[in-house]
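One-letter residues, chain by chain:
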Amino acid sequence: MSLTAERLDRVSPSQTIAISSKARALKAAGRDIISLSAGEPDFDTPVNIKAAAIRAIEAGETKYTDVAGTLALRQAVAAKFKRDSNLDYTPSEVMISTGGKQVIFNAMVATLNAGDEVIIPSPCWVSYPDIVALADGAPVIVPCSQNSGFKLRPEDLEAAITPKTKWLMLNSPSNPSGAAYTAAELRALAEVLLRHPHVWVMTDDIYEKLVYDDFEFTTIAQVEPGLKARTLTVNGCSKAYAMTGWRIGFCGGPASLIKAMDKLQSQSTSNTSSISQAAAVEALNGPQEFLREMTAVYRERRDLVVSMLNTAPGINCHKPEGAFYVFPAIHGCIGKTSRSGIAITDDESFVTALLDEEGVAAVHGSAFMYPGHFRVSYATDTESLRKACERIKHFCDGLK
Ligand code: PLP
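Residues numbered from 1 in each chain as written. Predicted model: local features only at pLDDT ≥ 70, side-chain atom pairs only at ≥ 80, totals over all residues. Heavy atoms only, no water.

A few points about the overall build of the protein chain
Then comes step 1: Looking only at helices and strands, the protein chain has 14 helices and 14 strands in total.
Then comes step 2: For the protein chain, whose C-alpha radius of gyration is 21 Å, the value lies close to the compact-globule estimate of 21 Å for 400 residues.
Then comes step 3: When the backbone C-alpha atoms are referred to their principal axes, the protein chain occupies close to 60 × 55 × 55 Å.
Then comes step 4: Counting over 400 residues, the protein chain shows a buried share of 55%.
Then comes step 5: Nonlocal contacts in the protein chain, meaning residues at least 24 apart in sequence, comprise 75% of its contacts between residues at least 6 apart.
Then comes step 6: Entry remark: accessible area of the protein chain is about 16300 Å², with carbon and sulfur atoms responsible for 54%. (Helix = DSSP H or I, 4+ residues; strand = E, 2+ residues; numbered from the N terminus. Rg over C-alpha atoms; globule rule 2.2 N^0.38 Å. Buried < 20%, exposed > 50% of the residue type's maximum accessible area, 1.4 Å probe, protein only. Contact = heavy atoms within 4.5 Å. Areas by Shrake-Rupley, 256 points an atom, 1.4 Å probe, with all protein chains shown as cover.)

Re the pairing of strand E2 (residues 94-97)
Then comes step 1: Of the two faces of E2, the one holding Val 94 and Ile 96 and the one holding Met 95 and Ser 97 are both buried throughout.
Then comes step 2: When E2 meets strand E8 (residues 249-252), the two strands line up antiparallel, connected through four bridges. When the bridges of E8 are listed, Ser 97 appears paired with Gly 249. (Pairing = 2+ DSSP bridges.)

Points about the domain arrangement of the protein chain
Then comes step 1: You can read the domains of the protein chain as domain 1 (6-44 + 290-397) and domain 2 (60-285).
Then comes step 2: In this assembly, 36 residues from domain 1 lie in contact with 38 residues from domain 2.
Then comes step 3: Seen at the junction of domain 1 and domain 2, the total is three salt bridges.
Then comes step 4: Here Glu 321 and Lys 151 are joined by a salt bridge, their closest N and O atoms 3.0 Å apart.
Then comes step 5: Inspection of the domain 1/domain 2 interface yields 18 residue pairs in polar contact (both at pLDDT 80 or more).
Then comes step 6: Going through the elements one at a time, helix H12 (289-309) and strand E9 (325-326) are the ones with two or more residues in the side of domain 1 that touches domain 2.
Then comes step 7: A per-element tally of the side of domain 1 that touches domain 2 places H12 first, with seven residues.
Then comes step 8: Across the side of domain 1 that touches domain 2, the residue classes tally to 19 nonpolar, nine polar and eight charged. (Domains from an automatic or database assignment. Salt bridge = Lys/Arg side-chain N within 4 Å of Asp/Glu carboxyl O. Polar contact = N/O pair within 3.5 Å; in protein donor to acceptor, adjacent residues only side chain to side chain. Nonpolar A, V, L, I, M, F, W, Y, C, P; charged D, E, K, R; others polar.)

In structure tokens form, the structure reads like this:
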């Protein structure tokens, strides 16, 4: 009898984590490796947030909290939703989990029955299809072309909806494409959803604060209040406040859904760390200047990476609205052979050869359900980025 459960056969280990680990191992073995594969800010958590955590420890805030999170943090989250998106959620419509990942996991496990369909526009974050599969659901991947900015078009949404559709998963700005939906684009999707009242919307807004130029972030329940009663608005502290290790994700949604997710969390992790929760109150309620400085740095890096990658033969790099990723097309490289004789037959052989020959780690598009591309994370220092882009160009120059 097999040790592992059948449900585990439906999921694959995170490929982004696998590539980061391979890059780390090569580095440890003495190779000069630049990793563009990380999904986390290279900034440190701001000092005022760290200080709040230290104060919480010293004040003895080291016990269990309510499963859904402390009232202080749920109030801070409700105030954040109101301030940023004019969304009214009461503390009982808010829940805190161990990262945005657990919020999404809770929502899917609490609501999906076997065979329920979840529409996932691709390219998508690696974990969405696997979380849906773990929860017995059926991921329905809808590819979104580079010509439409990697964004879901209303006609493609309409075509993907069936009587079995339970959720649409939106992610704006997106990991891996950086694409963010304008209010007008969200409105067009909302019009489709209003015609299908059985479909719920999970919007993962975890990169909300990372948008550039004059882009104005909006979220679907704000654009169409008529959808709020079937929308779960997901967010967290990991990306905006450089707090990936603190494990704070949160959401706002109808009380019935939050109650179901709370029930599930009560029998898995219970509350996330009480200390992290105290730090998150400071992140949300405290000074926000850090965000301006951080986004200015990211915007410069995005512009640098897009312009440098577009000089590499065979690469076509779109300029996205947000997050800290670009998702260049490599169609012009496929079918060629690298300097050391590796045949570039697809995006996976492209990133493997790039790591072996040039010491640059990036993630292949297939990991995000979107072959023919690769993801570059620019959450790394500017000098390393410049060097990495030069190496990518050198690699592409050598393809025959
Ligand atoms: N959603 C997206 C699109 C992400 O890229 C990530 C992390 O990489 C998460 C959610 C989860 O972040 P966390 O669990 O750290 O809050």
